[in-house]
Amino acid sequence: MRRRVTLAIVLLLGWQVITTETAAQSSRFTPIGTIPIAAELIRAQGERAYLAAGSTLTVVDISRPEMPRTIGAYTFSDRIWGFRVHDGLAYVGADRAGLSILDVGGNGTPTLRGSLKTPGQAKSVFVHDGMALVTDTIAGVDFVRVQDPAKPALTGSAFLDGFSTDVVASGNFAYAADRPTGFYVFDLSKKDSFEPLGTSQAGAPHNAQRAQLEVLPESSGRRVVVLAAGGLLQFFDVTTPASPTLLPPFKTGGAAVRIALKERFAYVADGQAGLRIVDLTTPASPKIVDSFKTMSPARDVVVVGPLVLVALVSGEVLILKEGV
């Protein structure tokens, strides 16, 4: 009798989960276009999308999202692991080729402005206040001056215990994660110091080849950094930079691999589950508030205005319009 009662409870809970997930599927996202490129990573600014696949970075005009148009492409000597676009320049971490800076602001093919061979394999890049922060498998995090894009100059490196995966900065602080278990805070106001100000023994899982850090908008005086890696969203309260605090992790139900922030909402590329929208107003208790089931697993996402671009494993980028 007890087994039957237990089974009934399990079935009831399962039904509740299914109906919750079904209700989360929203009609507010309307597919309006497709970019036929097998992108592994995507970024967007204004009316342009930037797609990385293998060693090639492609620039696409999305001013008419129903008819996206390729502007040009640049192929590096090694694989692109991460990149950021800032003021018409793309800062690219291309494995053993190091850091490269492309001019992507013109009307034609992207052109190389400058490059720097980093000590190890360059992974991800973040640009902040004239400095490119580059995650490096050997050095940890490289600090590179890029005021002159034609002559990037290494000023120092910060050693991380594991394999560095991503870095992000906001205000006077930078935040880095490694795998398997490290989160680091750096004080950028100390120009001659590359030692972490604070650390936490939690980071990207060992099998997370790519991980992504983003800084949430400050709320009620609290600062929180979110890490997407290994199917989880992890949260670090960095209000006290010297003592970052790990908050409870959040499972999105799929395989969260990449995120894009819009205010305090995370748009999650959630693998087989497609696109998930997670309300991070209270990071200690995130809530899935919407979703869109894509035709194949989602592996990256970017939000630009009312458009949401989702890179799919099947070999294209789906362009959705929100609020239609």
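Preceding this section is the structure that the text describes.
Residues numbered from 1 in each chain as written. Predicted model: local features only at pLDDT ≥ 70, side-chain atom pairs only at ≥ 80, totals over all residues. Heavy atoms only, no water.

### A few points about the overall build of the chain
Counting its regular elements, the chain contains one helix and 28 strands. A burial count over the chain gives 52% of its 324 residues as buried. Within the chain, contacts between residues at least 6 apart in sequence are counted, and of these 44% link residues at least 24 apart. Only carbon and sulfur atoms are counted for the fraction: they give 54% of the accessible area of the chain, which is about 14400 Å². (Helix = DSSP H or I, 4+ residues; strand = E, 2+ residues; numbered from the N terminus. Buried < 20%, exposed > 50% of the residue type's maximum accessible area, 1.4 Å probe, protein only. Contact = heavy atoms within 4.5 Å. Areas by Shrake-Rupley, 256 points an atom, 1.4 Å probe, with all protein chains shown as cover.)

### Brief notes about the sheet that holds strand β17 (residues 198-200)
Strand pairing in a sheet is mediated by backbone hydrogen bonds. Such pairs are either parallel or antiparallel. Overall, antiparallel pairing links the four strands, which are arranged β14-β15-β16-β17 in an open sheet. Unpaired on one side and paired on the other, β14 (163-170) and β17 mark the two borders of the sheet. Taken over all neighbouring pairs, the strand axes of this sheet differ in orientation by 15° on average, direction set aside. The sheet contact formed by strand β15 (residues 173-179) and strand β16 (residues 182-187) spans six bridges and is antiparallel. If you follow Tyr175 over to β16, its bridge partner there is Val185. (Pairing = 2+ DSSP bridges. Axes fitted to C-alpha atoms, helices over the stretch in contact; angles between N-to-C directions.)

### What to know about the environment of Ile259
In this fold, Ile259 is placed in strand β22 (residues 258-262). In this structure Ile259 comes out as buried when scored by relative accessible area, which is 2%. Each C-alpha atom of the pair Ile259 and Ala211 lies 9.6 Å from the other, and the pair is 48 residues apart in sequence.

### Digging into unusual backbone geometry
Within the chain, Asp87 stands out as a residue other than glycine whose phi angle is a positive 50°. Structurally, the position occupied by Asp87 is in the loop between β6 (82-86) and β7 (89-93). With a phi close to 55°, Asp129 is a non-glycine residue in the positive phi region. The class of Asp129 is exposed, set by a relative accessible area of 63%.

### A short note on the sheet that holds strand β8 (residues 99-103)
The strand order β6-β7-β8-β9 describes an open sheet built from four strands, whose pairing is antiparallel. Edge positions in the open sheet fall to β6 and β9 (111-116), since each of these has one partner strand only. Between one strand axis and the next, the sheet turns by 20° as a mean value, whatever way the strands run.

### Quick word on the packing of aromatic side chains
Scanning the model with the defined rule gives six aromatic pairs in all. Taking 6.5 Å as the distance between ring centres and 70° as the angle between the ring planes, the aromatic pair formed by Phe29 and Phe292 counts as edge-to-face. Of this pair, Phe29 sits in strand β1 (residues 29-35) while Phe292 sits in strand β25 (residues 287-292), placing them 263 residues apart in sequence. Each member of the pair, Phe29 as well as Phe292, is classed as buried. Positioned above the aromatic ring of Trp81, the side-chain terminus of Arg79 is 4.4 Å from the ring centre. Lying across the ring of Trp81, Lys123 places its NZ or CZ 3.6 Å from the centre. (Phe/Tyr/Trp six-rings, centres within 6.5 Å; stacked < 30°, edge-to-face > 60°. Lys NZ or Arg CZ within 6 Å of the ring centre and 35° of its normal.)

Honestly, it's all geometry; don't read function into it.
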